[in-house]
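Listed below, chain by chain, are the residues.
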Amino acid sequence: MTPQRTAPIASGQGPLAPALVPLLAGLLALLLYGWTLAPGLTWAHSSADGGDLLAAALVRGVPHPTGYPTYQILLRAAIALFPGEPASAGNWLSALAAALATALLADLGQRVLAGQGRRPTGRQAAAAGLGALAWAASPATWGQATVTEVYALNVLFAALLLWLAWRWAGARAAEGGTGRRWLAAGGLALGLGLGNHVSLLLLLPALAAWWWSARVFRAKRTGMGHAGMGGAGILSGGRRWRRPQSKDAADQPAPSTALPAVAPLRVLRPRSLFAARLTEGMLFAAAFLLGLGVYAYLPLAAAGRPPVNWGDPITPGRLWSVATGRLYAGLLFGLPLAELPARLLGWASEAARQFGGPWGFLLALLGLWRLDLRRHAWWRATMLAALAYTFVGIGYNTTDSYVYLLPAWAALAPALAAGIEWMLDKAAAAGGGRSGVRGGGRGLTVIAVALLALLLVGASLAANWRTHDLRRDAAARDWVAAALDEAAPGAVIVSAGDRTTFALWYAVYGLGRRPDVALLNANLFGFDWYRATLRETHADVFADLPEPPPTLEALLPALAAQRPLYRADEVALDLPGLREAPGDVLVRYSEAP
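*Asks:* Kindly report on a nonpolar patch on the surface, identifying the contributing residues and their values.
*Replies:* Together, Leu-332, Phe-333, Leu-387 and Phe-391 make up an exposed nonpolar region whose accessible area comes to about 420 Å². Within the fold, Phe-391 resides in helix H15 (residues 376–395).

*Asks:* Before we move on, could you go through the pairing of strand S6 (residues 578–582) and cite the residues and values that matter?
*Replies:* Consecutive side chains along a regular strand alternate between the two faces of the sheet. As paired strands, S6 and strand S7 (residues 587–591) are joined by five bridges and run antiparallel to one another. Bridging across to S7, Leu-578 finds its partner in Glu-591. From the end of S6 to the start of S7, which pair antiparallel, there are four residues.

*Asks:* Go over the packing of helix H17 (residues 413–430) against helix H18 (residues 442–468), please, and point to the residues and values.
*Replies:* For the pair H17 and H18, interaxial distance at closest approach is 8 Å and the crossing angle is 145°. With respect to the hand of their crossing, H17 and H18 are arranged in right-handed fashion. Residue-level inspection shows Ile-420, Met-423, Leu-424, Ala-427, Ala-428 and Ala-430 of H17 in contact with H18, the latter providing Leu-444, Thr-445, Ala-448, Val-449, Leu-452 and Leu-456. Of the residues contributing to the contact of H17 with H18, the split by class is eleven nonpolar, one polar and no charged.

*Asks:* Go over the sheet that holds S7 with me, naming the residues and quoting the values.
*Replies:* An order of S4-S3-S5-S7-S6 is seen for the five strands of this open sheet, with the pairing classed as mixed. Across the chains shown, the open sheet's two edge strands, defined by having one partner strand only, are strand S4 (518–521) and S6. On average, each strand axis in the sheet is tilted by 30° relative to the strand beside it, whichever way the strands run. As paired strands, strand S3 (residues 492–495) and S4 are joined by four bridges and run parallel to one another.

*Asks:* Give me helix H19 (residues 475–486): which residues, what numbers.
*Replies:* Between its first and last C-alpha atoms H19 spans 16 Å; for twelve residues at 1.5 Å apiece the expected length is 16 Å, and the two agree. Residues Ala-476, Trp-479, Val-480, Ala-483 and Leu-484 constitute the buried set of H19. Buried positions in H19, seen along its axis, are confined to an arc of 125° and lie on one side of it. Across from the buried face of H19, at angles greater than 90 degrees, the exposed residues are Asp-478 and Asp-485.

*Asks:* Report on empty space enclosed by the protein, specifying residues and quantitative values.
*Replies:* Within this structure, the stated rule accounts for three cavities of 30 Å³ or more. By volume, the second largest cavity amounts to about 70 Å³. Along the walls of the second largest cavity sit Pro-307, Val-308, Asn-309, Trp-310, Trp-505, Tyr-509, Trp-529, Tyr-530, Thr-533, Leu-534 and Thr-537, which together make up its complete lining. Secondary structure elements with two or more residues in the lining of the second largest cavity: helix H20 (498–510) and helix H21 (528–537). Residue contributions to the lining of the second largest cavity peak at five residues, all from H21.

*Asks:* Summarise the layout of surface pockets; cite the residues concerned and give the values.
*Replies:* There is about 970 Å³ of room inside the second largest pocket. Every residue lining the second largest pocket is counted, 40 residues in all, and those nearest its centre are Pro-65, Tyr-328, Leu-331, Tyr-396 and Tyr-404. The element contributing the most residues to the lining of the second largest pocket is H20, with three residues. Residue classes in the lining of the second largest pocket are distributed as 23 nonpolar, 13 polar and four charged.

Thresholds, definitions, all that
Residues numbered from 1 in each chain as written. Predicted model: local features only at pLDDT ≥ 70, side-chain atom pairs only at ≥ 80, totals over all residues. Heavy atoms only, no water. Patch = residues over 30% accessible without salt bridge, like charges linked within 9 Å, V, L, I, M, F, W, Y side chains within 5 Å. Areas by Shrake-Rupley, 256 points an atom, 1.4 Å probe, with all protein chains shown as cover. Salt bridge = Lys/Arg side-chain N within 4 Å of Asp/Glu carboxyl O. Helix = DSSP H or I, 4+ residues; strand = E, 2+ residues; numbered from the N terminus. Pairing = 2+ DSSP bridges. Axes fitted to C-alpha atoms, helices over the stretch in contact; angles between N-to-C directions. Left-handed = near helix turned anticlockwise from the far one by under 90°. Contact = heavy atoms within 4.5 Å. Nonpolar A, V, L, I, M, F, W, Y, C, P; charged D, E, K, R; others polar. Expected span 1.5 Å × (residues − 1). Buried < 20%, exposed > 50% of the residue type's maximum accessible area, 1.4 Å probe, protein only. Arc of directions from axis to C-beta. 1 Å grid on protein atoms, 1.4 Å probe; cavity = no way out; pocket = protein on both sides within 12 Å on 5 of 7 lines; lining within 4 Å. Points joined across faces, edges and corners; volume = space filled by probe spheres on them.

The structure is reproduced here in structure tokens:
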């Protein structure tokens, strides 16, 4: 029987329609996320910022740096389209973004396994689908897919850029192809993605390495290229003889010493080549700047003087400060060296939890080795992406820095698919069929798919269901409802933490509950833009607040003499002139006798 290896795309539908597996993977992921979605405002999985994002979207304001204009526009659209509670719309936005990322990773995985210009086999499609679903069910992805946060959308943009990079290289590999439409789409996606989260810049080294490798596609027209981009030595520095031959290569006929027949080449002169490259660069830059123009949303929103207006980015200097996240610059690689060993252990523990457990991560490492043999250029891009996000995730000095690792796990999804493909090939061979032969070992392959699904997806569901099923999560909603019920008319509530502050902002500013209550964040009081917002939002309380302002130790006793004054959480202030009376969820200040 003639081996039926990966078929060219033009040859027909093949074992599975290429769109079927990505579509199925995305739908299954969406089903999981929709079933376990938080019903409203939540603090689960480090999502306290959701209250700030929702409040800013509802009042057309500016959330905390970097302002996230792309996310804000999409969140406002989701709230307008979703008939229920706004927080639920934000949760569904994350679910949809993560499900789309799953579909893209499934399609990318099968394209990487098959190689450029080739249609995936049934085992390759199954491996790619399983790899994407294992990523979708991983605790880090699952946790961010059911809450209102920017990280599910961030990983969608990361997956989209990787997918567009592969498609662009494939178009460049085709006869006469330039890939300009994919290049323009990539520039636009990068600009819009940076409007969601600036950490997308960490993909640039990987994309640059992939672009550099794609230059050798011109060799395809001289008969030296390879459909998989990276199997031939030309992509690994011309050193294929130094790499062990993969099992897949054993099925290929021995290379002939005769020169292959090639189509006539259209030789570009250096000046024409420079003009073509310049045109491509200008196209990418124009699309990138168009996408980056989404940051114009921030000064337009700030001009309305909303009650949520971080940094008041109305001037170029303030816009730059917000957009670059200057407020949090000290956190980047700000982890003390004494805490580095514990953080490294934490990273190892987090890695072992993804893809179903330690066995899934080891299978991804096996897949990386196979990609190094067969798709070296893509292996290099994968490693650069994973390492960049890993370094930042380890060095970022916050307790929730693990969320920065999501694109790293996404970049490893095609590698996991490569490891799964190896397992399926072994199962097919053990069943009496050669790798790629139709009908051989099909029964054992089906059993292997089922077992791998159980180990990679089922194990993750079983291990994390209790902590990731948020259908009954009402802690944030119950707290803010109790706090507003407890506050007396005309009260001032002082807060310091993100959870309490943003939950109150969402309820009071976003939903319009208890408009008589004034909110004061102790940690933001030192910023002039925040004091200006207080004067405009709560003019009845802070209209006469002078500049320079008094200290909070002096301001709060004066407020307690005029209005009911509460604190929502611990405030690092010395207030000897006030005594505290704890209530159900708030603590009331009153003048000391």
